[in-house]
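Notes for the structure review
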Amino acid sequence: MEKLDDDAPTRRGQERRAEIVRSALEVIAERGYRGATLSAVAERAGLTQQGLLHYFPTKEALLIAVLAERDQWDTGAARRDGGGAWPLELLASLVEYNAMRPGIVQTFSALLGESVTEDHPAREWFARRYERVRADMADTLRGEFGDRLPGGLTPEAAAPLLVAVLDGLQFQWLHDPDAVDMPALFRAFVSLLNRGDEGAAE
């Protein structure tokens, strides 16, 4: 078996890891978070479970890699010239896209909930992610509204609220997709951002 050095992985090792992550994405999309067992992913990737564990020693490690891959797809679609700004209209489109891949959303939400414990392997990954996403959302809001939103908040103050709406809607949608129209509700929130104090006064 080839040796994999995490600091300087071989080209074949990188390719095999990418194959496993793609297989995991497929299995999660088909079976959901709990159904995405290591054995199912290994079979899809053409490996034994022991062979998969050579690259991803735990299910959590594999799922973090899947989430990182998801973020790379979304970021690649949204970034402009290396910046962090995501136009609100594009964010709304990403919410619609997420509504078509419940398995990935379920994985993200399940790991997010578990990662609040001190010793969880995904805790540091989510902490770094949220730091980056808050900065990106502040850039988004500044690009849309300038230094003040219609309601008076700065982009930095409003950014955590925008992230909370995005993630909170996902949790509610996963529990009751018939009652929670995630894309429509996010667009309604964007409308409130645009109306500011005027909308609050009605």
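Read on for a plain summary of the structure. On a predicted model such as this, the values are computed, not experimentally measured, just so you know.

Section: the nonpolar core
Among the nonpolar cores identified, the biggest contains 56 residues, and Ile 20, Phe 56, Leu 91, Phe 126, Met 137, Leu 162 and Phe 186 are the most heavily contacted of them. The greatest single-element share of this core, amounting to eight residues, is contributed by helix α7 (residues 123-145).

Focus on the packing of α7 against helix α8 (residues 155-175)
Two elements in contact, α7 and α8, have axes whose closest approach is 8 Å; the angle formed by their N-to-C orientations is 115°. Accordingly, the angle class assigned to the pair α7 and α8 is roughly perpendicular. α8 is crossed by α7, and the crossing has right-handed handedness. Residues Tyr 130, Val 133, Arg 134, Met 137, Ala 138, Leu 141 and Arg 142 of α7 touch α8, and the partners they reach there are Pro 155, Glu 156, Ala 158, Ala 159, Pro 160, Leu 162, Val 163, Leu 166 and Asp 167. Taken together, the residues that form the contact of α7 with α8 break down as 12 nonpolar, no polar and four charged.

A few points about the environment of Tyr 55
Residue placement: Tyr 55 occurs in helix α3 (residues 49-55). Here the alpha-carbon distance between Tyr 55 and Arg 17, two residues 38 residues apart in the chain, equals 6.5 Å.

Digging into the pattern of salt bridges
Opposite charge on two side chains lets them pair, provided their charged atoms get close. With the rule as written, the count across this model stands at 11 salt bridges. Residue Glu 118 is joined to Arg 123 by a salt bridge in which the shortest nitrogen-to-oxygen separation is 3.7 Å. You can call Glu 118 exposed: its relative accessible area is 66%. Bridged by salt links that share partners, the residues Arg 12, Glu 15, Arg 16 and Glu 19 form one connected network.

A few points about the environment of Gly 32
Mapped onto the elements, Gly 32 comes out in helix α1 (residues 11-35). Residue Gly 32 is classed as buried on the basis of its relative accessible area of 12%. Distance from Gly 32 to Thr 107, taken between C-alpha atoms, is 7.4 Å for residues 75 residues apart in sequence. Setting aside anything within four residues of it in sequence, one finds Gly 32 in contact with Val 27, Gly 103 and Gln 106.

Definitions and limits used
Per chain, the residues get numbers from 1 upward, laid out in the order the sequence is written. Since the coordinates come from a predicted model, pLDDT governs what is reported: local features require at least 70, and pairs of side-chain atoms require 80 or more to be given and counted, while whole-chain, interface and lining totals use all residues. Based on all heavy atoms of the structure, the side-chain values leave hydrogens and waters out of the count. Among the buried residues, those of types Ala, Val, Leu, Ile, Met, Phe, Trp, Tyr and Cys that are joined through side-chain atoms within 4.5 Å form a nonpolar core. Classification of residues uses two cut-offs on accessible area relative to the type maximum, computed with a 1.4 Å probe and protein chains only: under 20% is buried, over 50% is exposed, and between them is partly exposed. Each helix is a run of H or I in the DSSP string that is no shorter than four residues. Each strand is a run of E no shorter than two, and both are numbered from the N terminus. For helices, the fitted line uses only the C-alpha atoms of the stretch in contact; every axis is such a line through C-alpha atoms, and the angle between N-to-C directions lies from 0 to 180 degrees. Should an angle lie under 35 degrees it is considered roughly parallel, over 145 roughly antiparallel, and from 65 to 115 roughly perpendicular; all remaining angles are considered oblique. Crossing handedness follows the turn of the near helix against the far one: under a right angle anticlockwise gives a left-handed crossing, and clockwise gives a right-handed one. Any pair of residues with heavy atoms lying within 4.5 Å of one another is described as a contacting pair. Classes in brief: Ala, Val, Leu, Ile, Met, Phe, Trp, Tyr, Cys and Pro nonpolar; Asp, Glu, Lys and Arg charged; the others, Gly included, polar. The rule for a salt bridge is simple: a side-chain nitrogen of Lys or Arg has to be within 4 Å of a carboxyl oxygen of Asp or Glu.

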